[in-house]
Amino acid sequence: MTPGRRHLEPLKEWLIERFIWLCGVSAIFFVFAIFIFVFREGADYFFSGFKAGEFFTSIEWYPTSRTHVRYGALALITGTFSVSFLAMFLAVPFGLGAAVFISEFCPPRLKEGLKIVIELLAAIPSVVWGFIGLTIMNSLIVRLFNAPIGLNMFNGAIILALMSVPIIVSIGEDALKAVPDSYREAAVALGCTRWQMIFRVLLPAARNGLLAAVMLGIGRAVGETMAVLMATGHSIRIPHGVLEPVRTLTATIAAELGEAPVHSDHYQVLFIIGILLFTITFVINITADFIVRGIGRK
Amino acid sequence: MSDLAYSIVTRDLSLWYGEFQALRSVSFKARNGLITALIGPSGCGKTTLLRCFNRVNERYGNVTTTGEIRLLGKNIYDEDVSLIELRKSVGMVFQRPNPLPLTVYENIVFGLHIHSPARLNASALDEAVEQALTDVGLWMDLKDKQKSKATSLSLDQQQKLCIARLLPLKPEIILMDEPCSALDVEATRQVEELMLELAGRYTIIIVTHNMAQAKRVSHECAFMLMGELIEHSRTEDLFIRPLDKRTAEYIEGRFG
């Protein structure tokens, strides 16, 4: 190295440090910027005409009524939660089970194949999933369950589950892979069966990572728009069974924002729904964080 | 049944990892209640031999074994041998201390839990923990730390804990794979003393790189080279009057 270059070395270090700092800080900046933008778009109405009571307790969502406009989002909130919950009910056991299988039971060659398939599954655009829900799942549900309509909560939940499983599997598998092999050796040498090793050693050792996997899956389910819009039937009601159509918060924004006049009350309420979604995912993440910390402290 | 003087007897034991032959017809005997050291240069097969005795080698999948291994008179490759029971009676201590990411207490009762289908009585468990920790000389240090994470202990405490967690299962044989290589001088001395205290009650096989350690702790010593068992005799004899030229060269430090 020439003396001149060596002279530049501290500057280079400094530049790299600044650049990495900028990358980190920009992430925070963008999150806040998005939040502020979404909030600003809905702020006017939020502080003047917005009726929180109606929004959270009424199921009457008539944003374009000529005589009596009502913005009751309870059915939409229930829709989002019921579809996401059912989706997780299906996806978490399958996802974690698949992660355990791939990391602990699978012969190496099958493992490579499976991982490629799972990545592929994660790469399918959501509109394609929606299309599958609209056509294949739709007729399948009508035929199998004798349901009046195949576009319903169950359909949406299966599609969402299929979309979340790849995330849960790949992050869950990473978490299990990160468990030191010495733990497995210790367990095996003490005479554990495979299941004892998995339930008593691996799952507890990997729980933070597995929890993160589940949380990301939930995040995906709550935030997903296009697929649920196409698969759930998009009808505003509180479902009494899994075979009834529902409508979610996200699908409502996607379907109505294009038609709502900019800065109208309707437009602003849709942004308030955006804020609500933001809050939901925020709360999920914070909860996950607290759970992880709580576990870590013990 | 003269063999019962020996806890471990192998006959013509050969082992392959895929195409690579790691053991070449090893016939080895370990006397009951003594400490037998396996020495030899890296890659000589001493760890492989050790890992045959509780069959943890089989974890790797592409392992082929021929020959016979008898533990306490029983061929461990017989169809009716339960790996779980085998590993219950043959404990293992690893090179790096590997306590499970649980509390000290849970680490010690772990073996009891996995080997008993019924719920165990809490006071019996407490007693087992106290006994095990006393046996390895950790009770005074850890009696108030039973609820703390085992992974947060010092390395030598971790290694002693790894020995302690074997004891409630009442093993016959304890296998040690370079148990002191991660420890400092003082901790090594303590673990060696512990081994000498445990000898008699348990048959101990220790793999070590450290010839001085083999001299200090073992009653018998086996020298291995390139997958073969070259020489096995009383430790004093092996170090003072080795019969094989290769043994002599190794203990003089000409190779390895």
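Just so you know, these numbers come straight off a predicted model, no measurement behind them.

Criteria and cut-off values
- Residues numbered from 1 in each chain as written.
- Chains lettered and ligands numbered in written order.
- Predicted model: local features only at pLDDT ≥ 70, side-chain atom pairs only at ≥ 80, totals over all residues.
- Heavy atoms only, no water.
- Helix = DSSP H or I, 4+ residues; strand = E, 2+ residues; numbered from the N terminus.
- Rg over C-alpha atoms; globule rule 2.2 N^0.38 Å.
- Buried < 20%, exposed > 50% of the residue type's maximum accessible area, 1.4 Å probe, protein only.
- Contact = heavy atoms within 4.5 Å.
- Areas by Shrake-Rupley, 256 points an atom, 1.4 Å probe, with all protein chains shown as cover.
- Lys, Arg positive; Asp, Glu negative; His and termini not counted.
- Charge placed at Lys NZ, Arg CZ, Asp CG, Glu CD.
- Salt bridge = Lys/Arg side-chain N within 4 Å of Asp/Glu carboxyl O.
- Nonpolar A, V, L, I, M, F, W, Y, C, P; charged D, E, K, R; others polar.
- Pairing = 2+ DSSP bridges.
- Right-handed = clockwise from strand over helix to strand, strands pointing away.
- Domains from an automatic or database assignment.
- Phe/Tyr/Trp six-rings, centres within 6.5 Å; stacked < 30°, edge-to-face > 60°.
- Lys NZ or Arg CZ within 6 Å of the ring centre and 35° of its normal.
- Axes fitted to C-alpha atoms, helices over the stretch in contact; angles between N-to-C directions.
- Parallel < 35°, antiparallel > 145°, perpendicular 65-115°, else oblique.
- Left-handed = near helix turned anticlockwise from the far one by under 90°.
- Expected span 1.5 Å × (residues − 1).

Asker: Outline the overall build of chain B, supporting the account with residue identities and numerical values.
Answerer: Check the secondary structure of chain B and you find 10 helices and 11 strands. A compact globule built from 256 residues would reach a C-alpha radius of gyration of about 18 Å, and chain B, at 18 Å, matches this within 12%. When the backbone C-alpha atoms are referred to their principal axes, chain B occupies close to 55 × 45 × 35 Å. Residue burial in chain B is summarised as follows: out of 256 residues, 55% are buried. For chain B, the proportion of contacts with a sequence separation of at least 24, taken over those separated by at least 6, is 68%. Here chain B displays about 11500 Å² of accessible surface, and carbon together with sulfur accounts for 50% of that area. Charged side chains of chain B number 30 positive and 33 negative; the gap between the two group centres comes to 2 Å.

Asker: Could you give me a rundown of the interface of chain B and chain A, with the residues and numbers involved?
Answerer: Listed by partner, the interface residues are 24 residues for chain B and 17 residues for chain A. Run the count over chain B and chain A and you get three salt bridges. One salt bridge in this structure joins glutamate 185 of chain A and arginine 51 of chain B, with 2.6 Å as the shortest N-O distance. Where the side of chain B that touches chain A is concerned, the elements lending two or more residues are α2 (83-89), β7 (90-93) and α3 (104-115) of chain B. Broken down by element, the side of chain B that touches chain A gets its largest block of residues, four residues, from α3 of chain B. Looking at the side of chain B that touches chain A residue by residue, the class counts come to 14 nonpolar, five polar and five charged.

Asker: Which residues make up the pairing of strand β8 (residues 173-177) of chain B, and what values do they have?
Answerer: Residue and element names in this part refer to chain B. Counting buried residues along β8, five of its five residues qualify, which places the element largely inside the surrounding structure. Along β8, one buried face is formed by Ile173, Leu175 and Asp177 and the opposite face, lined by Ile174 and Met176, is buried too. Pairing between β7 and β8: four bridges, direction parallel. Within β8, the position partnered with valine 90 by the bridge is isoleucine 173. Across five bridges, the pairing between β8 and strand β9 (residues 203-207) is parallel. Bridge pairing in β9 links leucine 175 to isoleucine 205. Assessed by its sense of winding, the connection that carries the chain from β8 through helix α7 (residues 185-198) to β9 is right-handed.

Asker: Residues and numbers for the environment of isoleucine 159 of chain A, please.
Answerer: All names here are of chain A. If you trace the backbone, isoleucine 159 turns up in helix α6 (residues 153-177). Linking isoleucine 159 and serine 126, residues 33 residues apart in sequence, is a C-alpha distance of 9.2 Å. Discounting residues that sit within four places of it in the chain, isoleucine 159 has contacts with Trp129, Ile132, Gly133, Met137, Ala227 and Ala231.

Asker: Can you tell me about the domain arrangement of chain A, naming the residues and giving the values?
Answerer: Looking at chain A, the domain boundaries give domain 1 (3-48) and domain 2 (74-259). Taking the mean C-alpha position of each, domain 1 of chain A and domain 2 of chain A sit 33 Å from one another.

Asker: Outline the packing of aromatic side chains, listing residues and values.
Answerer: Aromatic rings in a pair are described by how distant their centres are and how their planes are angled relative to each other. Evaluation of the coordinates by the stated rule reveals 20 aromatic pairs over all chains. With centroids separated by 6.3 Å and ring planes inclined at 15°, the aromatic side chains of phenylalanine 35 of chain A and phenylalanine 39 of chain A adopt a geometry described as stacked. In this pair, phenylalanine 35 of chain A and phenylalanine 39 of chain A both sit in helix α1 (residues 3-47), four residues apart, roughly one turn of the helix. Given a relative accessible area of 32%, phenylalanine 35 of chain A falls into the partly exposed group. What makes phenylalanine 39 of chain A partly exposed here is its relative accessible area of 27%. For the ring pair tyrosine 250 of chain B and phenylalanine 255 of chain B, a centre distance of 5.5 Å and an interplane angle of 55° mean the geometry is tilted. On the accessibility criterion, phenylalanine 255 of chain B (28% relative accessible area) is partly exposed. Put simply, the rings of Phe35, Phe39, Tyr45, Phe46, Phe47, Phe50, Phe55, Phe56, Trp61, Tyr71 and Phe278 of chain A pair up and form one aromatic cluster. Positioned above the aromatic ring of tyrosine 105 of chain B is the side chain of lysine 147 of chain B, whose terminal nitrogen or guanidinium carbon lies 4.2 Å from the ring centre.

Asker: Tell me about the packing of helix α7 (residues 181-189) of chain A against helix α8 (residues 194-205) of chain A, and please be specific about residues and values.
Answerer: Residues and elements named next belong to chain A. It is the contact of α7 with α8, at a shortest axis distance of 10 Å, that shows an interaxial angle of 160°. Accordingly, the angle class assigned to the pair α7 and α8 is roughly antiparallel. Both α7 and α8 take part in a crossing whose hand is right-handed. Here Tyr183, Arg184, Ala187 and Val188 of α7 lie close against α8, whose contacting residues are Met197, Val201, Leu202 and Ala205.

Asker: Go over helix α9 (residues 207-223) of chain A with me, naming the residues and quoting the values.
Answerer: With 17 residues, α9 of chain A ought to run about 24 Å at 1.5 Å a step, and its terminal C-alpha atoms sit 24 Å apart, in line with that. Of the positions making up α9 of chain A, those classed as buried are Leu210, Leu211, Ala213, Val214, Met215, Gly217, Ala221 and Val222 of chain A.

Asker: So, the sheet that holds β8 of chain B: which residues are in play, and what are the values?
Answerer: All names here are of chain B. Pairing is mixed across the open sheet formed by six strands, whose spatial order is β7-β8-β9-β4-β10-β11. Of all the strands in the sheet, just β7 and β11 (228-234) have a single pairing partner and so form its edges. Between one strand axis and the next, the sheet turns through 15° on average, direction left out of account. Sheet contacts for α7: β4 (35-39), β8 and β9; angle to β9, the most-contacted strand, approximately 150°.

Asker: Account for the pattern of salt bridges, with residues named and values stated.
Answerer: If you walk through the whole model with that rule in mind, you get 27 salt bridges over all chains. Across the salt bridge formed by arginine 247 of chain A and glutamate 256 of chain A, the nearest N and O atoms sit 2.8 Å from each other. Glutamate 256 of chain A shares its class with arginine 247 of chain A; the two are buried. Overlapping salt bridges bring together Glu104, Asp181, Arg184 and Glu185 of chain A together with Arg51 and Arg59 of chain B as one network.

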